[in-house]
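Secondary and tertiary structure notes
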Amino acid sequence: MASQQMEIIAKVLEQSAKLVEEQVDAQISKLNEMDDDDFERLKERRLEALRKAQKQKEEWLSKGHGEYREIANEKDFFSEVKDTPNVVCHFYKNTTFRCRILDKHLAILAKKHVETKFIKLNAEKAPFLVERLRIKVIPTLALVIDGKTKDYVVGFSDLGNTDEFSTEMLEWRLGCGNVIDYRGNLMEPPTQSQKPRALRHFIKREAKSPL
């Protein structure tokens, strides 16, 4: 039985390798058939795509993307999410230690994922939103897509239930919520070993400070 299974697996792998080889050969053949004009048109399309990407990035930055910012009140919240496809809003309290941990990670991700807006709002200044969004645990991240709250990261339960989760772990969780352009494997979370050393020092230092 085991021998038959190995033969089947070997055949499947052989067929897959052959298919990939054929696809690569087809691409090489296509490139060999291209003349100078074809390459010039390909180059121009690539440049046009780069120009559009740069224009989109500049538009995002003009709307407050690329940095982790605090907003003052509920009115600002609605202004920020209006006409913004992807928003991560951190509902926090000054007296909650774990909120300061999230701040460090979100500041990093805001710079990396300019396609998404990262903001924070003091929950005590937003009683209407807290009730409307049924926020019971602080910190809570509201993941807003096209003006609607689609998902929540409540406390650290989705992040390994530890204060020492990595920025990559939070990035993966936001990717699972489709609120950022995540390039990793959504089927498998990153390992905790990726947590930066500087963040470990921050956690230890903050843990010793009074709330």
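Cut-offs applied
Residues numbered from 1 in each chain as written. Predicted model: local features only at pLDDT ≥ 70, side-chain atom pairs only at ≥ 80, totals over all residues. Heavy atoms only, no water. UniProt positions renumbered as here; feature names shortened; annotations may be inferred. Helix = DSSP H or I, 4+ residues; strand = E, 2+ residues; numbered from the N terminus. Axes fitted to C-alpha atoms, helices over the stretch in contact; angles between N-to-C directions. Left-handed = near helix turned anticlockwise from the far one by under 90°. Contact = heavy atoms within 4.5 Å. Nonpolar A, V, L, I, M, F, W, Y, C, P; charged D, E, K, R; others polar. Buried < 20%, exposed > 50% of the residue type's maximum accessible area, 1.4 Å probe, protein only. Pairing = 2+ DSSP bridges. Core = buried A, V, L, I, M, F, W, Y, C linked by side-chain atoms within 4.5 Å. Salt bridge = Lys/Arg side-chain N within 4 Å of Asp/Glu carboxyl O. Phe/Tyr/Trp six-rings, centres within 6.5 Å; stacked < 30°, edge-to-face > 60°.

The name given to the protein chain in an unreviewed UniProt entry is Thioredoxin domain-containing protein 9, with Cynoglossus semilaevis as the source organism. The UniProt entry for the protein chain carries this comment under Subunit (unreviewed entry): "Forms ternary complexes with the chaperonin TCP1 complex, spanning the cylindrical chaperonin cavity and contacting at least 2 subunits." UniProt, in the comment section headed Function (unreviewed entry), describes the protein chain in these words: "Significantly diminishes the chaperonin TCP1 complex ATPase activity, thus negatively impacts protein folding, including that of actin or tubulin."

The next subject is unusual backbone geometry. At the junction of I138 and P139, the peptide bond is cis and its omega measures out at 5° in the coordinates. Within the fold, P139 resides in the loop between α5 (127–132) and β4 (140–145). The residue D83 is not glycine, and still its phi comes out positive at about 60°. Within the secondary structure, D83 sits in the loop between α3 (74–81) and β2 (86–92). Phi is positive for R134, which is not a glycine, with a value near 55°. For R134, the position within the fold is in the loop between α5 and β4.

Contact geometry for helix α4 (residues 97–112) and helix α6 (residues 167–176): axes closest at 10 Å, N-to-C directions at 65°. Crossing hand, α4 versus α6: right-handed. Of α6, the residues touching α4 (which contributes L102, H105, L106, I108, L109 and K112) are T167, L170, E171 and L174. Class assignment of the residues belonging to the contact of α4 with α6 gives a composition of six nonpolar, two polar and two charged.

Quick look at the pairing of β2 now. Buried residues dominate β2, accounting for seven of its seven residues. In β2, alternate side chains face the same way, and those of N86, V88, H90 and Y92 on one face and V87, C89 and F91 on the other are all buried. Where β2 and β4 come together, six bridges link them in antiparallel fashion. Opposite V87, over in β4, you have V144 as the bridge partner.

Below, the discussion takes up the nonpolar core. Soluble globular proteins tend to pack their nonpolar side chains together in the buried interior. In this structure, V88, L106, F118, L141, F165, L170 and L174 are the most contacted members of the largest nonpolar core, which totals 23 residues. Of all the secondary-structure elements, those providing two or more residues to this core are α4, β4 and α6. Considering each element in turn, this core owes the most residues, six residues, to α4. Of all hydrophobic cores here, the second largest spans 16 residues; its members include L121, L129, L133 and I135.

This brings us to the pattern of salt bridges. Per the stated rule, a full pass over the model turns up nine salt bridges. The closest approach of N and O atoms between K112 and E171, which form a salt bridge, is 2.9 Å. Linking K112 in helix α4 with E171 in helix α6, this pair joins segments that are 59 residues apart in sequence. Its relative accessible area of 54% is what places K112 among the exposed residues. For E171, a relative accessible area of 8% translates into the label buried. Salt bridges here are not isolated pairs; linked through shared partners, they connect E67, R69, E80 and K117.

With that settled, the discussion passes to the packing of aromatic side chains. Tallying each qualifying case throughout the model produces three aromatic pairs. With centroids separated by 5.5 Å and ring planes inclined at 85°, the aromatic side chains of F77 and F78 adopt a geometry described as edge-to-face. By relative accessible area, F77 is classed as buried at 4%. Using a relative accessible area of 35% as the deciding quantity, one classes F78 as partly exposed. Residues F156 and F165 carry aromatic rings whose centres are separated by 4.8 Å and whose planes lie at 75° to one another, so their mutual orientation is edge-to-face. For the pair F156 and F165, one class covers both residues: buried. Ring pairing ties together the aromatic residues F77, F78 and F91, which thus form one cluster.

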